[in-house]
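Working through the structure, step by step
Residue-level listing of the chains:
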Amino acid sequence: SLPIQAIQAAGDRHPKPAHLRFQYGTAGFRTLGNTLDSVMFKVGIIAALRSKKLDGKTIGVMVTASHNPEPDNGVKLVDPRGEMLEASWEGYATTLANTSTTEEFVEALAEFVRSAKIDLSKPARVVYGRDTRPSGPALVAALEDGLHAIGAEARDAGVTTTPILHYLVRATNTKGTKDAYGEDTSEGYYDKISAAFKKLVAGKAGIPPLVVDCANGVGAYAVEEFSKLISDKLQLVPVNADLTTPGALNNACGADFVKTMQRLPPSLSPVLKTGQRACSLDGDADRLMYYYLDDRDQFRMLDGDKIAALVAAFIVELVKNAGLEDEISVGIVQTAYANGGSTKYLSQRLPVKCVSTGVKHLHHAAEHYDVGVYFEANGHGTVLFSAETNKILAEHQPSTPAQSTALNHIVNLTQLINQTVGDALSDLLLVEVVLAHKSYSGVEWDSLYVDLPNRLVKVVVADRHIFKTEDAERRLVSPAGLQEKINELVRRYEAGRAFVRPSGTEDVVRVYAEAMVKSQADELAFRVAGLVY
Ligand code: NG1
Ligand code: ZN
């Protein structure tokens, strides 16, 4: 049975702020860090119950607010294969987080255990980590209180990137099985990925150094660790690796700054030379944006869509060269935020599917392909190789040395790529592999297709929940009549496209617009925003 007294006693130390309502959204619970104490305690208990429900499999808990400002924090649960928490539990977590007293919480827990048929005699195993936010240690202490109260077997992964935490979950749960994913330590992660990287760039000399903007976050540690292992092949030059100055995290730097502002972080201006490529991570190192300065020193952005195009083309080529094009097909998953230029380019070559915003939607859709490449335009993404594809790769008998080389490259890619979730460091090394193989600089990569000028704006509205969408969020069904007005506007712009959706992570409505020229994209975005407001 539930250790009611222990939960009750500990719960009283973590009262819920009376006026707040919490929601487990696309990125878990996410809000101001100093309001999340009660949520963390409850999440400790929920994570333990999730583990018991899944027969003692290890569940992950990541404490982070990713690209958001430093005072924010958040928490999300990771399911046993390293994927996002199953959707139905998001609702349970929300209900439990909003119970207003410890008595109410304990009652709701007992009811939940009954209705979800959780066998309390099963073990509970949880691994947890946090990013570098100052609010992290206190929040982790509250989480530990919850884990302890319910008697979970808990392992502290310390300050770590989100993708490493996902890796640890999968590696722990597959240890000793035929699906073993790797050693279940962060060293295991670094070794696995860097070994694959070194095999893939063996014989490639003179890869130019890469400037990496670490967003003054946890990615700085990961860059440091990888540097120790790969610096003979690729020199990583960290900037914005300041983990001590208060307020520095994600401030005027990082992947989200680059994507939203569409310009170079000011701190990179003195560092970046004409033609040199650089990239930015976000605050928990699961997003990656590349860019370079062209010969007129204009900033050129290579976002998630460009990464998807680069990587997909490379894998298609390898599959063909390995003699596997009849057996393995490559598909792409995007969201409505994918640039129209990329969608046009990719859909002329490969199957492309558009899904709703949120990693879980992309991830699940990508699982339906033999090789599924998914990236959000903001730089979050990865490549999934299906179980059947891995089997084909393991059994395929190449008939020429060239086929054998290509096959080895694909197998090494399956080791290089973090298949649990988007991973800025793994993706960075993947991009570098492709650039080295193709002898591309930023210029050649950029010229795969031309981005349509676009603009993303936030609109603060009284109630964002009245905005309801269909067709992978590309059309509004509510408020009634609004979509028709948007269509009417869009028609007046050459190559115009615009859509409106409520954010899943902020209390705003987002408006996205594209058009043939930048001023028109801006104008369209602001006129649509005017309709929404
Ligand atoms: P919302 O706030 O629902 O738009 C944002 C990003 C998503 C995803 C999530 C989770 C945009 C336009 N939206 O979601 O792509 O990354 O955060 O972090 O970039
Ligand atoms: Zn992130």
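Computed from a predicted structure; not experimentally measured.

1. Comments concerning the environment of Ala 116
Summarising the element assignment, Ala 116 is placed in the loop between helix H4 (102-115) and strand E4 (125-130). Classification of Ala 116 as partly exposed rests on a count of 14 C-beta atoms within 10 Å.

2. A few points about the site of ligand 1
Taken together, the neighbourhood of ligand 1 is formed by 13 residues, with Ala 27, Asn 378, Ser 503, Gly 504 and Thr 505 sitting nearest. Of the residues in the shell around ligand 1, the class split is two nonpolar, eight polar and three charged.

3. Description of the UniProt feature "active site" (unreviewed entry) in the protein
In the UniProt entry, the feature "active site" (unreviewed entry) is given for Ser 66. Residue placement: Ser 66 occurs in the loop between strand E2 (58-63) and strand E3 (72-78). Its 28 C-beta neighbours within 10 Å are what place Ser 66 among the buried residues. If sequence neighbours within four positions are ignored, Ser 66 has contacts with Ala 27, Asp 282, Gly 283 and Asp 284.

4. Observations concerning the domain arrangement of the protein
Domain annotation for the protein reports domain 1 (4-159), domain 2 (188-300), domain 3 (304-446) and domain 4 (454-532). Taking only C-alpha atoms into account, the centre of domain 1 sits 32 Å from that of domain 2. Each residue belonging to the side of domain 1 that touches domain 2 can be placed in one class, and the counts come to three nonpolar, five polar and three charged.

5. Focus on the sheet that holds strand E1 (residues 29-32)
Sheet architecture is open: five strands sit in the order E1-E3-E2-E4-E5, paired in mixed fashion. Across the chains shown, the open sheet's two edge strands, defined by having one partner strand only, are E1 and strand E5 (153-159). Between one strand and the next, the sheet's axes are offset by a mean angle of 15°, whatever the strand orientation. Looking at chain direction, E1 and E3 are connected through four bridges and run antiparallel. Bridge pairing in E3 links Thr 31 to Asn 73. Strands in contact with helix H2 (residues 37-53) are E1, E2, E3 and E4; relative to E2, the strand with the most contacts, it is inclined by about 160°.

6. Observations concerning the sheet that holds strand E18 (residues 497-502)
Hydrogen bonds between backbone atoms are what pair the strands of a sheet, whose relative direction is either parallel or antiparallel. If you trace the three strands from one edge of the open sheet to the other, you get E15-E19-E18, paired in antiparallel fashion. For this open sheet the edge positions go to strand E15 (454-459) and E18, each flanked by a neighbour on one side alone. Here the strands of the sheet are splayed against their neighbours by 15° on average, with no regard to which way each runs. Of the strand pairs in this sheet, E18 and strand E19 (residues 509-514) are connected by six bridges, and their pairing is antiparallel. Bridge pairing links Pro 502 to Val 509 in E19.

7. Some details on the nonpolar core
Counting residues in each nonpolar core, the largest one holds 139 residues, and the members touching the most others are Val 61, Val 126, Leu 143, Val 311, Val 373 and Leu 416. No other element matches the ten residues that helix H10 (residues 304-321) contributes to this core. Once residues within four sequence positions are removed from consideration, Val 311 is found in contact with Val 373, Val 383, Leu 430 and Val 434. Residues Phe 467, Ile 486, Phe 499 and Tyr 512 belong to the second largest nonpolar core, which totals 21 residues.

8. Digging into the UniProt feature "binding site: Mg(2+)" (unreviewed entry) in the protein
UniProt's feature table lists "binding site: Mg(2+)" (unreviewed entry) at Ser 66, Asp 282, Asp 284 and Asp 286, given in the numbering used throughout. In terms of the greatest pairwise C-alpha distance, the residues named above, spread along 221 residues, form a tight cluster of at most 8.1 Å across. Among the structural elements, Asp 282 can be located in the loop between strand E8 (277-281) and strand E9 (288-293). Leave out the neighbours within four places in its chain, and Asp 282 touches Ser 66, His 67, Ala 215, Asn 250, Gly 254, Ala 255, Asp 256 and Arg 287.

9. Here's the deal with unusual backbone geometry
Here Ser 478 and Pro 479 are connected by a cis peptide whose omega angle stands at 0°. Along the polypeptide, Pro 479 turns up in the loop between strand E17 (475-478) and helix H17 (482-490). For Ser 66, which is not a glycine, the phi torsion comes out positive at approximately 50°. Positive phi values are uncommon outside glycine, yet Asn 216 reaches one of about 55°. Summarising the element assignment, Asn 216 is placed in the loop between strand E6 (210-213) and helix H8 (219-230).

10. Observations regarding the pairing of E8
Each regular strand displays side chains that alternate between the two surfaces of the sheet. Within E8, five of the five residues are buried, leaving the element largely enclosed by the surrounding structure. Alignment of E6 against E8, held across three bridges, turns out to be parallel. From the neighbouring strand, Asp 213 faces E8, where its bridge partner is Ser 280. When E8 meets E9, the two strands line up antiparallel, connected through five bridges. Paired with Cys 279 across the strands is Tyr 290, a residue of E9. Connecting E8 to the next strand, E9, in antiparallel fashion are six residues, including Ala 285 with a positive phi near 65°.

11. Digging into the packing of H10 against helix H11 (residues 340-347)
Interaxial distance between H10 and H11 falls to 10 Å at its minimum, and their mutual angle equals 15°. With respect to H11, the element H10 is oriented roughly parallel. As H10 packs across H11, the resulting crossing turns out to be left-handed. Contact with H10, carried on its side by Asp 305, Ala 309 and Ala 312, involves Ser 342, Tyr 345 and Leu 346 of H11 and no other residues of that element. Here the contact of H10 with H11 is composed, by residue class, of four nonpolar, one polar and one charged.

12. Comments concerning the packing of helix H1 (residues 4-11) against H4
Running from amino to carboxyl end, H1 crosses H4 at an angle of 145°, the nearest separation of the two axes being 9 Å. Crossing geometry of H1 relative to H4 is assigned as right-handed. Contacts between H1 and H4 pair Ile 4, Ile 7, Gln 8 and Gly 11 from the former with Thr 102, Phe 105 and Val 106 from the latter. Class assignment for the residues of the contact of H1 with H4 results in four nonpolar, three polar and no charged.

13. Some points on H10
Along its 18 residues, H10 runs 26 Å from first to last C-alpha, staying within 8% of the 26 Å computed at 1.5 Å per residue. Most of H10 is tucked away, with 13 of its 18 residues classed as buried.

14. What to know about the pairing of E18
Most of E18 sits out of view: five of its six residues are buried. Where E18 hands over to E19, the hairpin turn is made up of six residues, counted between the paired strands.

Conventions and cut-offs
- Residues numbered from 1 in each chain as written.
- Chains lettered and ligands numbered in written order.
- Predicted model: local features only at pLDDT ≥ 70, side-chain atom pairs only at ≥ 80, totals over all residues.
- Helix = DSSP H or I, 4+ residues; strand = E, 2+ residues; numbered from the N terminus.
- Buried ≥ 20, exposed ≤ 12 C-beta atoms within 10 Å, placed from the backbone.
- Near = placed C-beta within 6 Å.
- Nonpolar A, V, L, I, M, F, W, Y, C, P; charged D, E, K, R; others polar.
- UniProt positions renumbered as here; feature names shortened; annotations may be inferred.
- Contact = placed C-beta atoms within 7 Å.
- Domains from an automatic or database assignment.
- Pairing = 2+ DSSP bridges.
- Axes fitted to C-alpha atoms, helices over the stretch in contact; angles between N-to-C directions.
- Core = buried A, V, L, I, M, F, W, Y, C linked by C-beta atoms within 7 Å.
- Parallel < 35°, antiparallel > 145°, perpendicular 65-115°, else oblique.
- Left-handed = near helix turned anticlockwise from the far one by under 90°.
- Expected span 1.5 Å × (residues − 1).

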